[in-house]
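Now for the letters of each chain:
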Amino acid sequence: MRQCPNCKTNNPDDARFCNYCGIRLPESKEETLYSDLDELEEAPKTEFSDQEIEEESEKVIDEAKKLFNPDEKEEKKEERKEDEDTDTEQEQVKKQLTIPENLDRMIEEVTRQELEQEFHRKIKLKEGSGKEQSHLDETEGVSEPTLMIGEKTEEEADEPTRMFTGDIGDFIKKKREYEDVPEEDAYEEILQSWERKRKEKKIKREREGKDPSRILKFIKEKHSWSDLTAKQKKAVKRIVAGAAVFAAFCIFESYYGRPEAVAERYYKAYVKEDWKKTGHLSDLPKNGYATQDEYATYMKKNAVTDVEDYQIKETKENRQIKIESGGKQRAFTVEYKTKTQGKNKETVVLQKQKRQRLLLFANWKVSSDKMIANDFNLYIPAGSTAWIDGTKLTKNDKIKDDSDGLDQYKISLFEGDHKIRIDVPWFKTYKSEFKASDKGSTTISKMKVSQSGKKKLDKKMKEILNSYIKAAKEEKSFSQISGLFEKNSKYEKENKEFYDDLKEQLSSKDGYKADQITTDNYEGKYVISGVTGVVRGTLSYDYKVTYQKEDVTVGNMNGTVDGSSQMSAEFVYKDGNYQLRTVNPGSIWYRKSQ
């Protein structure tokens, strides 16, 4: 049990406050600052004023601190010699007090104001032991302690109040758990529970090497503006000034970024034909094709000029748009007058952007849907590199397409005419124009093969033709030449039929046997199909076949047959090269001449 140093009431070992008088109990046996006051000689029954009591308490506190500050004690020796009366009084007080070893820690935990109040109360209890409580309250002005919940009767009001600290919401929740327990016991149990949790957290923070009090040293040591150093005052001023500037900035940005303010700034710049500013206030696509320069060119061609006066209104219909769009759009009707057309009006829609301005504020911009061709589809040959109005198409705009001979791009750009440039492997650079419209499309074709590309395609065609003739003459199966084609070709059946026809023509039948087959005088022509994107090629050639014929009467006969034929093929661009899709090697007949 722990005895209260004030009223001598026994309390549980883990109690923080006295169950009777409410005074804070010492945390250890060493903290006997208040209990040792009882050992002081009884003071004369003398009336003291509040000022005298306060001065006396300050003297005792200062003297207690001096005992643990040798330097300060040495500095004050000369002052004590000058005032012998004061020195005698201080020595008596020091002898009567039992000073604990951990007074420094106690002074840190107990604030100056709390120490003064408790000391004040001790003196009054000593002096007023024979007086009535009401007389003490009237003459000395001792403040009444706050009553706990439920302590409203006159009898309970006369008793010293039990102390209470903590969150009131948490207190009410805790109290519900003790509905069947007497109210006084419930209060005490709740306070003890809080105290245990506080001690556990304090021990945990001490083990982690942190300040167990959770109070910054700066706050514990500095209680007023005058206590701060010059650097600390300067830091506080900077923080306050920064907070004020930030608050002013937030207020300005919130007002400046309103949709009404954006619409007003947009039309002011519109009247001045400041297309650079109106472009920044518009929600132009971020894909890089609708550039600010393109925007200025578009506005010069299509914007209304010579605007003399305008007025912006938000009508009921416009507010309905706001409700239906969940606050993501605001529409305004602009009434204006020009020198040539007179009065007119148009609707301007402001779109709330997904990305906030400066990460904090709503970002409203004028919608550019009326001038932008959204989701425009562009089809170009596979493997091509394209530029629109000087801006290169990126892979981010490329989408998957069923036709592997064409690359499909879905982009957004200004409606109207645009220039396009395409570089295709083995073909000449293509330059042309096209017209863009909302959700429209265009396919680029009619590219012409380059000289170096023609040579490469001619070489491919000759290699394929020679491989076909050699395999057919040797009567090999189609699977032995299938490696010439693209993998998983859906034209395998068609290609096999053309090969079997050539094999039939060159086979040994009816006494004929082809010995040697040569081809020459090649002429190739190539073009890219605008529908499929594949490269179609034809190769004209002359052939010569030497053969043997068995005759029953004459014996073996040697002969030669000359002829001309044409080979056709299709190529698709895959994996950085043109691969064979279909081929018809042409007809080589050498029996007809006999």
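Throughout this document, residue positions are counted from 1 along each chain, in the order its sequence is written. Only residues with pLDDT of at least 70 get local features here, since the model is predicted, and only at 80 or more are side-chain atom pairs given and counted; chain-wide, interface and lining totals rely on the full set of residues. For side-chain calculations, the full set of non-hydrogen atoms in the structure is used, while hydrogens and water are omitted.

Regarding the overall build of the chain
Consideration 1: Looking only at helices and strands, the chain has 18 helices and 18 strands in total.
Consideration 2: Exposure categories follow from relative accessible area, calculated using a 1.4 Å probe and restricted to protein chains: below 20% of the type maximum is buried, above 50% is exposed, and the middle band is partly exposed. By the burial criterion, 35% of the 594 residues in the chain qualify as buried.
Consideration 3: Contacts between residues were defined by any pair of non-hydrogen atoms, one from each residue, lying within 4.5 Å. Taking as baseline every contact in the chain between residues at least 6 positions apart, the subset at least 24 positions apart corresponds to 58%. The way it works is that DSSP assigns letters per residue, a run of H or I at least four long becomes a helix, a run of E at least two long becomes a strand, and they are numbered from the N terminus.

Quick look at the sheet that holds strand 6 (residues 364–366)
Consideration 1: Spatially, 4 strands are ordered 3-4-5-6 in an open sheet, and the strand pairing comes out antiparallel. Every interior strand has two partners, whereas the edge strands, strand 3 (307–313) and strand 6, have only one. Across the sheet, the mean angle from the axis of one strand to that of its neighbour is 30°, orientation sign disregarded.
Consideration 2: At least two bridges found by DSSP between two strands is the condition for calling them paired. Across 3 bridges, the pairing between strand 5 (residues 342–352) and strand 6 is antiparallel. Paired with K352 across the two strands is W364, which belongs to strand 6. Helix axes are fitted to C-alpha atoms over the stretch in contact, other axes to C-alpha atoms as well, and angles between N-to-C directions run from 0 to 180 degrees.

Section: a nonpolar patch on the surface
Consideration 1: Every patch collects residues that have over 30% relative accessible area and no salt bridge, joining them within 9 Å if they carry like charges and within 5 Å if they are nonpolar side chains (Val, Leu, Ile, Met, Phe, Trp, Tyr). Accessible surface area values rest on a Shrake-Rupley calculation with a 1.4 Å probe, where residue burial reflects the displayed protein chains alone. What counts as a salt bridge is simple: a side-chain nitrogen of Lys or Arg found within 4 Å of a carboxyl oxygen of Asp or Glu. On the surface, F246, F249, L358, L359 and L360 cluster together to form a nonpolar patch covering roughly 530 Å² of accessible area.
Consideration 2: Considering the arrangement of structural elements, one finds L360 in the loop between strand 5 and strand 6.

Observations regarding a negative patch on the surface
Consideration 1: The charged-residue count follows a simple rule in which Lys and Arg add positive charge and Asp and Glu add negative charge, with His and chain termini not counted at all. To locate a charge, the coordinates of NZ of Lys, CZ of Arg, CG of Asp or CD of Glu are taken. Taken together, the side chains of E273, D306, E308 and D309 present a region of like negative charge at the surface.
Consideration 2: Secondary-structure assignment places E273 in the loop between helix 13 (259–271) and helix 14 (275–280).

Considering the side chain of S412
Consideration 1: Note on placement: S412 falls in strand 11 (residues 406–414).
Consideration 2: Residue classification places S412 among the buried positions, given a relative accessible area of 13%.
Consideration 3: Residues contacting S412, with those up to four places away along its chain left out, are P285, N287, Y289, A290, I372, A373, N374 and D375.

Some words on helix 17 (residues 451–473)
Consideration 1: The span one expects for a helix is its residue count, reduced by one, times 1.5 Å. Taking 1.5 Å as the rise per residue, helix 17 with 23 residues should run 33 Å; its terminal C-alpha atoms sit 33 Å apart, in good agreement.
Consideration 2: Those residues of helix 17 that sit buried are G453, L457, D458, M461, I464, L465, Y468, I469, A471 and A472.
Consideration 3: Positive phi appears at E475, one or two residues downstream of helix 17, with a value of about 55°.

Digging into the packing of aromatic side chains
Consideration 1: Pairing of aromatic rings covers Phe, Tyr and Trp, the last through its six-membered ring, and needs centres within 6.5 Å; plane angles under 30 degrees mean stacked, over 60 mean edge-to-face, and all others mean tilted. Summed over all chains, the structure comprises 18 aromatic pairs.
Consideration 2: Ring plane angle 40° and centroid distance 5.7 Å describe the contact between Y267 and Y310, whose orientation is recorded as tilted. Of this pair, Y267 sits in helix 13 while Y310 sits in strand 3, placing them 43 residues apart in sequence. There is no split in this pair, since Y267 and Y310 are both buried.
Consideration 3: Aromatic side chains Y547 and Y590 sit 5.7 Å apart centroid to centroid with 40° between the ring planes, which places their arrangement in the tilted category. Residue Y547 is found in strand 16 (residues 535–551), and its partner Y590 is found in the segment after strand 18 (577–584); the two are separated by 43 residues along the sequence. Each member of the pair Y547 and Y590 is classed as buried.
Consideration 4: Ring pairs connect the aromatic residues Y266, Y267, Y270, W275 and Y310, which therefore count as one cluster.
Consideration 5: Its guanidinium or amino end placed over the ring of Y256, R265 lies 3.8 Å from that ring's centre, counting from NZ or CZ.
Consideration 6: Across the ring face of W387, the terminal group of R421 is positioned such that the distance to the ring centre comes to 4.3 Å. Criterion for a charge above a ring: Lys NZ or Arg CZ within 6 Å of the ring centre, and within 35 degrees of the ring normal.

Comments concerning the UniProt feature "domain: Zinc-ribbon" (unreviewed entry) in the chain
Consideration 1: UniProt positions are given in the numbering used here, feature names are shortened, and annotations may be inferred rather than shown by experiment. The UniProt record annotates "domain: Zinc-ribbon" (unreviewed entry) at residues 4–23.
Consideration 2: Overall, residues 4–23 shows 0% helix and 10% strand. The separation of its end C-alpha atoms is 8 Å.

Brief notes about the nonpolar core
Consideration 1: Judged by nonpolar contacts, the single largest core of 56 residues is most densely connected at F427, Y468 and F571.
Consideration 2: When residues in this core are grouped by element, the largest group, 8 residues, is from helix 17.
Consideration 3: Residue contributions to this core reach at least three from each of two domains, namely domain 2 (372–443) and domain 3 (451–584).
Consideration 4: Contacts of F427, omitting those with residues within four sequence positions, involve M447, K448, V449, S450, I528, V535 and Y578.
Consideration 5: Buried Ala, Val, Leu, Ile, Met, Phe, Trp, Tyr and Cys residues that are joined via side-chain atoms within 4.5 Å together make up what is termed a nonpolar core. Counting residues in each nonpolar core, the second largest holds 26 residues, with V262, L284, F332 and V334 among its members. Those domain boundaries reflect an automatic or database domain assignment.

Examining the packing of helix 17 against helix 18 (residues 492–506)
Consideration 1: Where helix 17 contacts helix 18, the two axes come as close as 8 Å, and the packing angle between them is 60°. Comparing their axes, helix 18 and helix 17 come out oblique. At the point where helix 17 passes helix 18, the crossing takes the right-handed sense. Of the residues in helix 18, those touching helix 17 at Y468, I469, A471, A472 and K473 are N495, Y499, L502, K503 and L506.
Consideration 2: In the contact of helix 17 with helix 18, the residues fall into 7 nonpolar, 1 polar and 2 charged. When describing relative orientation, an angle under 35 degrees is termed roughly parallel and one over 145 degrees roughly antiparallel, while 65 to 115 degrees is termed roughly perpendicular and anything else oblique. Each helix crossing is assigned a hand: it is left-handed if the near helix lies turned anticlockwise from the far helix by less than a right angle, otherwise right-handed if that turn is clockwise. Gly falls in the polar group here, along with every residue not listed as nonpolar (Ala, Val, Leu, Ile, Met, Phe, Trp, Tyr, Cys, Pro) or charged (Asp, Glu, Lys, Arg).

What about the sheet that holds strand 13 (residues 430–436)?
Consideration 1: With respect to topology, 4 strands assemble into an open sheet ordered 9-8-12-13, the strand pairing being antiparallel. A single partner strand is all that each edge strand has here, and the edge strands are strand 9 (391–392) and strand 13.

So, the side chain of S529
Consideration 1: Structurally, S529 is set in the loop between strand 15 (512–528) and strand 16.
Consideration 2: We call two N or O atoms a polar contact when they sit within 3.5 Å, provided that within protein one can donate a hydrogen and the other can accept it, with sequence-adjacent residues counted only if both atoms are side-chain atoms. There is a polar contact of 3.4 Å between the side chain of S529 and the side chain of T532.
Consideration 3: Residues contacting S529, with those up to four places away along its chain left out, are S445, V534 and R536.

So, the confidence of the model for the chain
Consideration 1: Per residue, pLDDT measures the predictor's confidence, with a range of 0 to 100. Model confidence for the chain is summarised by a mean pLDDT of 75, while 66% of its residues fall at 70 or above.
Consideration 2: At the low end of the mean pLDDT range in the chain sits helix 8 (residues 154–158), at 40; at the high end sits helix 17, at 93.
Consideration 3: Per-residue pLDDT stays below 50 along residues 32–43; that stretch engages in 21 contacts with residues further than four places along the chain or on separate chains.
Consideration 4: Confidence over residues 93–112 falls short of pLDDT 50; this stretch has 35 contacts with residues more than four positions distant or in other chains.

Side note on the pattern of salt bridges
It is possible for side chains of opposite charge to pair when their charged atoms get near one another.
Consideration 1: One pass over the full model with this rule turns up 12 salt bridges.
Consideration 2: Here R421 and D423 are joined by a salt bridge, their closest N and O atoms 3.3 Å apart.
Consideration 3: Linking E486 and K574 is a salt bridge whose minimum nitrogen-to-oxygen distance equals 2.9 Å. Taken together, the residues span a long stretch of sequence, with E486 in the loop between helix 17 and helix 18 and K574 in strand 17 (residues 555–574) at a distance of 88 residues.
Consideration 4: Of the residues examined, E486 reaches a relative accessible area of 7% and is grouped as buried.
Consideration 5: What makes K574 partly exposed here is its relative accessible area of 24%.
Consideration 6: One network of salt bridges, with partners in common, ties together R258, E260, E314 and R330.

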